[in-house]
Structures are given as C-alpha cells and as structure tokens.
Amino acid sequence: MDQKLFSNVVLVNAEEEEVRKILESPENLLKWIPEITTVEKGNHDFSITRVAPALNQQETITVEKGNNSVTYNSKGGRLEYRIVFLLSGQDRQTTIQEDVYVEKQADIFLPLKLLAPIAKYSFNTNLNNLAAFIESKIVRRNS
C-alpha cells in the first residue's frame, strides 16, 4: 500500500493540453531536472541516469496517462515511488499538483519523515523548473 509523502503545486501560464504533452514525454525530463543526464526510451518504459549523487542514481519509469493526470512510476532505484501530476486548466493557465507516493514499508537507510522535507524541496525546485521550461517554450513559439 502506498502512502503520500508530500504534495507540491505550481501555476503555469500554459494550456492544460500543452502541459500534458510535455509530461507525457519523459525525454523532456532532461530540460527541467538538471541532475538527469540521460533518458533512454525502452519498449514501454524509460531508463533514467543522474550525474550527481542521488537517492536513485538510476531508475526506470513508466508513464500512465489519465483524464486530468500523468503518473510516473519509478522502479529499480533504492526508493521506488510514484508521482501523480494532477492538471487543472482555466483561462490559459494550468495548475500542476504533484503528489509523491512511496510504499509504506519502503526499505531505505533514512526514515521517511526525515527524507520527506528534503525530497519535497528538491521536487518543488524541479516543478518550478518545469513551469519555467513550459513558459519559455510557449514564449519562443509565439515570438
């Protein structure tokens, strides 16, 4: 059974469909998560490698598409987790809520209550990078 570790929220000046397309293509992770150095597409998943020391130096993610969500399921690292990006758009703006879940009995070296604030900060930084990437992409296209 999964437990929610934390949530982050950001508002981006972009249509919901635009945000969805970017999230549904994990190759874009290279553009908004600086520590990721490679994203290799497999048949039904993506292998990710990070250059900087991280909890998961390498991991494999699968992508699930929902009506108003995109979910990344991470396997193969020290901590397996699930990120659910909930999207709600209005007036050319989209709210992205990022919910991060881990297995209740996650067997890692650090208690989850110590890991959560560190991970929340890191994920929030990357979520803000995502918003900036989306908005810069739209500005470039419109200029």
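Up top is the structure these notes are about.
Residues numbered from 1 in each chain as written. Predicted model: local features only at pLDDT ≥ 70, side-chain atom pairs only at ≥ 80, totals over all residues. Heavy atoms only, no water.

Visitor: Could you give an account of the overall build of the chain, with specific residues and numbers?
Guide: Within the chain one finds 3 helices and 7 strands. In terms of C-alpha radius of gyration, the chain reaches 15 Å, essentially the compact-globule figure of 15 Å for 143 residues. Taken over the C-alpha atoms alone, the chain extends approximately 50 × 25 × 25 Å along its principal axes. Within the chain, the proportion of its 143 residues that are buried is 40%. The contacts of the chain with a sequence gap of at least 6 include a subset with a gap of at least 24, amounting to 51%. Of the accessible surface of the chain, which amounts to about 8200 Å², a share of 50% is contributed by carbon and sulfur atoms. Looking at the chain, you have 17 positive and 19 negative side-chain charges, and the mean spots of the two groups are 2 Å apart. (Helix = DSSP H or I, 4+ residues; strand = E, 2+ residues; numbered from the N terminus. Rg over C-alpha atoms; globule rule 2.2 N^0.38 Å. Buried < 20%, exposed > 50% of the residue type's maximum accessible area, 1.4 Å probe, protein only. Contact = heavy atoms within 4.5 Å. Areas by Shrake-Rupley, 256 points an atom, 1.4 Å probe, with all protein chains shown as cover. Lys, Arg positive; Asp, Glu negative; His and termini not counted. Charge placed at Lys NZ, Arg CZ, Asp CG, Glu CD.)

Visitor: A description of the pattern of salt bridges should follow, citing residues and the corresponding values.
Guide: Enumeration according to the criterion identifies 7 salt bridges in this entry. Across the pair Arg-92 and Glu-15 runs a salt bridge, and its minimum N-O distance is 3.6 Å. Linking Arg-92 in the loop between β6 (81-90) and β7 (93-103) with Glu-15 in the loop between β1 (2-12) and α1 (16-23), this pair joins segments that are 77 residues apart in sequence. Residue classification places Arg-92 among the exposed residues on the basis of a relative accessible area of 65%. Taking the relative accessible area as the measure of exposure, Glu-15 reaches 41% and is therefore partly exposed. As a salt-bridge pair, Arg-50 and Glu-59 come within 2.4 Å of each other at their nearest N and O atoms. Among the residues examined, Glu-59 registers a relative accessible area of 3% and is labelled buried. Where salt bridges share partners, they join Glu-16, Glu-17 and Arg-20 into one cluster. (Salt bridge = Lys/Arg side-chain N within 4 Å of Asp/Glu carboxyl O.)

Visitor: So what about the pairing of β6? Which residues, and what values?
Guide: Here 6 bridges tie strand β5 (residues 69-75) to β6, and the two strands are oriented antiparallel to one another. Paired with Tyr-72 across the two strands is Ile-83, which belongs to β6. Alignment of β6 against β7, held across 10 bridges, turns out to be antiparallel. Counterpart to Gln-90 in the pairing with β7 is Gln-93. With antiparallel pairing between neighbouring strands as the criterion, β6 and β7 make up a hairpin whose turn holds 2 residues, including Asp-91 at a positive phi of roughly 50 degrees. (Pairing = 2+ DSSP bridges.)

Visitor: Residues and numbers for the layout of surface pockets, please.
Guide: Looking at the largest pocket, its volume works out to about 570 Å³. In terms of lining residues, the largest pocket is bounded by 32 residues, among which Arg-50, Leu-55, Tyr-81, Ser-122 and Phe-123 are the most central. Those elements that provide at least two residues to the lining of the largest pocket are β1, α2 (29-32), β3 (46-50), β4 (58-65), β6, β7 and α3 (112-142). Top contributing element to the lining of the largest pocket by residue count: α3, with 6 residues. (1 Å grid on protein atoms, 1.4 Å probe; cavity = no way out; pocket = protein on both sides within 12 Å on 5 of 7 lines; lining within 4 Å. Points joined across faces, edges and corners; volume = space filled by probe spheres on them.)

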